[in-house]
Amino acid sequence: MLWGVLWAFRPVLWMVRWMWDEWVSTIFTLVVGWRRKSLLPPVFNPILLLSASELADNIRERKVSSVEVVRSYVTRISNVNPILNAVAQENFQAALLEARMVDKKLDQGLSDGSLTKDWLKKNQPFLGVPFTVKETIAVAGLPHTGGLVVRGDVVASQDAEVVNKMKKAGAILLANTNISELGMWWESDNRVYGRTNNPYDTRRTSGGSSGGESALMCSCGTPLSLGTDTGGSIRIPAFFCGLFGHKPTSGVVSLRGCNVHFDKEWSDMQCAGPLTRHARDLMPILTVLVGENFTKLSIGKHVDLGTLQIFTMENDGNGILTTHMHSSLLAVQRAVTQHFRHTYDCTVHKVVIPGMRRSFQIWQEKIKEEYGNNTPMFEQLADNKGEINVWTEITRAILGRARHTIPSLAQAVLDILDREITFLKDQTKVLMGKENTAVSTSRMQMETQWKTLQMRVQRLLGDNGVLLYPSHPMLAPYHSESYFRPLNFTYAAVFNALGFPVTQVPLGLDHNGLPLGIQVVGGMYQDHLTISVAEDLEKAFGGWVCPSKIL
């Protein structure tokens, strides 16, 4: 009902929203924009520019040793991390020791014939290649705090399933990386590790919650990154840092060990997936992560891009809850449509999907449905051992002694209000002697809208169509600017609610040197289509652009 009333006044609200965005942009430009951004050191070592797949090939061919690769990345991390603050905990000594063992194994096995290159490529495709994961993904022996001060001394006892699969594929764990507090926000900042900076402009955010991964990957600090995505936590950081990021079809990659306070193996909302500098790495990594669910996806299937159905939608149709689309993002999306028209003689269909304007409400309702029995934020911030005093923590934050970030405290306040409102409603029902069905009716309506939107998109895309959709309505914002535009993440989050595979694709830089990009959405289990389109767009638009000088 409330949303219907607001929608009736949308012309006025659009104007108010536009004025708000202009005011926020002006204030942050005046307050932050004058500060000097820190530059990253140049890239001297060509090893750092190779894809993970190329590194694996070179290690198998003995053109380079695993030790040399790992040392190259250890050196690079040591050089860039003081500027970016991307690493939560390094694992350098153990990684170098494992790399030596890999080299010894290869030298002996290839010489005596007990190992073959073909067998290694099939069974251990990333043998000797270093990788990193976000800190909320458990790695045995490394911190697993979720950015919570009260969990500062917590160390994971075993690997998450995705980490275990990467290790079985031969990859070597190099470090885990910074996240937002409990992975709940789209800027990576917490009171345990601090805030991560964007490699292109250190005054700006690298995104969240996989922001440490995106910053490290973008700056040539790791060749292989894993993140998780509940509301764009892979794709938003990948967009802000000019990377490829893939959210697989829901339910094909195990999530065991990928969270701090709950350990569901399968989820309709959350996915684990890769962030890469090179599109060619997406499919090999996804193949490893999918494992036994391989048959659900058409991995390795040839895609004829000329036969694809291409659809494009330039905004979510809302304009009230989210920022108006940045002109440079609109321009580059239109350039992509022109590429398909001219290169493949495709008819690109411009569409409007009405249900998209309720992206946030649909995502929010699906979150409540999936995590409805999860503990409220004021208990999670106490590590589920009692609850924090929210008002005390807010006072500490005002005095500059915060133990929690603003988004977490804001969510805790909302959860307290929700608890009180629920209590009052329950008391009212008891006094009136009858049930209040308003909430259940509202949820049924939202469930209907979700199913309608999911069916509409699936019918549109089928098994041979992709949708070009904005990654975000604006370029990488300044630090803390997200607090004033909190719902912009829904451009990515709606596809978590719907379950479709999505690949974030970088499309070069704008005139200020900030990354441009687009989301490519496929029908259910059509991950190979979105990744094939990403590989094509990399060739056409250049893909990732190094934020450092290459010497």
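Read on for an overview of the structure. (Residues numbered from 1 in each chain as written. Predicted model: local features only at pLDDT ≥ 70, side-chain atom pairs only at ≥ 80, totals over all residues. Heavy atoms only, no water.)

Concerning the overall build of the protein
Tallying secondary structure elements over the protein gives 18 helices and 13 strands in all. Computed over the C-alpha atoms, the radius of gyration of the protein is 23 Å, within 12% of the 24 Å expected from 2.2 N^0.38 for a compact globule of 551 residues. Across its three principal axes, the protein shows a C-alpha extent of roughly 85 × 60 × 50 Å. Looking at the protein as a whole, 57% of its 551 residues are labelled buried. (Helix = DSSP H or I, 4+ residues; strand = E, 2+ residues; numbered from the N terminus. Rg over C-alpha atoms; globule rule 2.2 N^0.38 Å. Buried < 20%, exposed > 50% of the residue type's maximum accessible area, 1.4 Å probe, protein only.)

Some points on the sheet that holds strand 13 (residues 515-522)
Pairing in this open sheet of 11 strands is mixed, and the strands run 1-3-2-6-8-7-12-13-11-9-10 from one edge to the other. Each end of this open sheet is capped by a strand with a single partner; those strands are strand 1 (87-90) and strand 10 (348-350). Strand-to-strand, the axes of this sheet are offset by a mean angle of 25°, without reference to chain direction. Bridge count between strand 9 (residues 309-312) and strand 11 (residues 465-469): 4 bridges; the pairing is parallel. Residue pairing in the sheet places Phe 311 in a bridge with Leu 467 of strand 11. Relative to the sheet, helix 7 (residues 161-168) contacts strand 2 (130-134), strand 3 (172-177), strand 6 (225-229) and strand 8 (271-276), its axis offset from that of strand 2 by approximately 180°. (Pairing = 2+ DSSP bridges. Axes fitted to C-alpha atoms, helices over the stretch in contact; angles between N-to-C directions. Contact = heavy atoms within 4.5 Å.)

Looking at helix 4 (residues 66-84)
Turn by turn, an α-helix covers 3.6 residues, leaving residues three or four places apart pointing in a common direction. With 19 residues, helix 4 extends 26 Å between its outermost C-alpha atoms, agreeing within 8% with the 27 Å of an ideal straight helix rising 1.5 Å per residue. Of all the bends in helix 4, the greatest, near 30°, is centred on Ser 78, and the proline Pro 82 appears no more than four residues after it. Turning to helix 4, its buried residues are Ser 66, Val 67, Val 69, Val 70, Ser 72, Tyr 73, Val 74, Arg 76, Ile 77, Val 80, Asn 81 and Leu 84. Of the residues trailing helix 4, Asn 85 is marked for its positive phi of about 55°. (Expected span 1.5 Å × (residues − 1). Bend = angle between axes of the 7 residues up to and from the residue.)

Here's the deal with unusual backbone geometry
Both trends apply: most residues other than glycine have a negative phi, and most peptide bonds are in trans. Of note, the bond from Gly 208 into Ser 209 is cis; its omega dihedral lies within 30 degrees of zero at 5°. Counting through the fold element by element, Ser 209 comes out in the loop between strand 5 (194-195) and helix 8 (211-218). Despite not being glycine, Ser 480 shows a phi value in the positive range, around 75°. Its place among the elements puts Ser 480 in the loop between strand 11 and helix 17 (490-498). The class for Ser 480 is partly exposed, based on a relative accessible area of 22%.

Here we look at the nonpolar core
If you look at the biggest cluster of nonpolar residues, it comprises 140 residues, and the most contacted ones within it are Phe 126, Val 162, Leu 226, Leu 467 and Phe 495. A total of 8 residues in this core trace back to one element, the largest contributor, which is helix 4. Discounting residues that sit within four places of it in the chain, Phe 126 has contacts with Ala 52, Ser 53, Ala 56, Met 166, Ala 169, Gly 170, Ala 171, Leu 224, Pro 284, Ile 285 and Val 288. Core analysis: the next-biggest nonpolar cluster, separate from the first, contains 12 residues, Leu 148, Ala 382, Leu 409 and Ala 412 among them. (Core = buried A, V, L, I, M, F, W, Y, C linked by side-chain atoms within 4.5 Å.)

Some thoughts on the packing of helix 11 (residues 327-344) against helix 18 (residues 527-541)
Where helix 11 contacts helix 18, the two axes come as close as 12 Å, and the packing angle between them is 95°. By the criterion of interaxial angle, the relationship of helix 11 to helix 18 is roughly perpendicular. Taking contact as the criterion, the partners of Ala 335, Val 336, His 339, Phe 340 and Tyr 344 in helix 11 are, on helix 18, Val 533, Asp 536, Leu 537, Ala 540 and Phe 541. The residue inventory of the contact of helix 11 with helix 18, partitioned by class, reads 8 nonpolar, 1 polar and 1 charged. (Parallel < 35°, antiparallel > 145°, perpendicular 65-115°, else oblique. Nonpolar A, V, L, I, M, F, W, Y, C, P; charged D, E, K, R; others polar.)

Focus on helix 5 (residues 92-112)
Taking 1.5 Å as the rise per residue, helix 5 with 21 residues should run 30 Å; its terminal C-alpha atoms sit 30 Å apart, in good agreement. Inspection of helix 5 places Phe 92, Ala 95, Leu 96, Ala 99, Val 102, Asp 103, Leu 106 and Gly 109 among the buried residues, and these make up the whole buried set. Projected down its long axis, helix 5 shows its buried positions confined to an angular sector of 165°, all on one face. Exposed residues on helix 5 whose side chains face more than 90 degrees from its buried face are Gln 93, Leu 97, Met 101 and Lys 104. (Arc of directions from axis to C-beta.)

Considerations on the pattern of salt bridges
Under the definition given, this model contains 24 salt bridges. For the salt bridge of Glu 54 with Arg 280, the shortest nitrogen-to-oxygen distance reads 3.8 Å. Placement of the pair is Glu 54 in helix 3 (residues 52-60) and Arg 280 in the loop between strand 8 and helix 10 (282-290), with a sequence separation of 226 residues. Residue Glu 54 is classed as partly exposed on the basis of its relative accessible area, which comes to 29%. We note a salt bridge from Arg 256 to Glu 161, for which the minimum N-O separation is 2.7 Å. (Salt bridge = Lys/Arg side-chain N within 4 Å of Asp/Glu carboxyl O.)

Concerning the environment of Gly 508
Structurally, the position occupied by Gly 508 is in strand 12 (residues 502-509). Residue classification places Gly 508 among the buried positions, given a relative accessible area of 14%. The contacts of Gly 508, once residues within four sequence positions are left out, are Leu 514, Pro 515, Leu 516, Phe 541, Gly 543 and Val 545.

Observations concerning the packing of aromatic side chains
Counting across every chain of the model gives 13 aromatic pairs. Relative to Phe 484, the ring of Phe 28 has its centre 5.6 Å away and its plane inclined at 70°; by these criteria the two rings are edge-to-face. With Phe 28 in helix 2 (residues 10-31) and Phe 484 in the loop between strand 11 and helix 17, the pair connects residues that are 456 residues apart, well separated along the chain. Residue Phe 28 is classed as buried on the basis of its relative accessible area of 11%. (Phe/Tyr/Trp six-rings, centres within 6.5 Å; stacked < 30°, edge-to-face > 60°.)

Digging into the packing of helix 10 against helix 18
Packing of helix 10 against helix 18 brings their axes to within 10 Å, and their N-to-C directions diverge by 155°. With respect to their mutual orientation, helix 10 and helix 18 come out roughly antiparallel. Within the contact between the two elements, helix 10 uses Leu 282, Met 283 and Leu 286 and helix 18 uses Asp 527, His 528 and Ile 531. In the contact of helix 10 with helix 18, the residues fall into 4 nonpolar, 1 polar and 1 charged.

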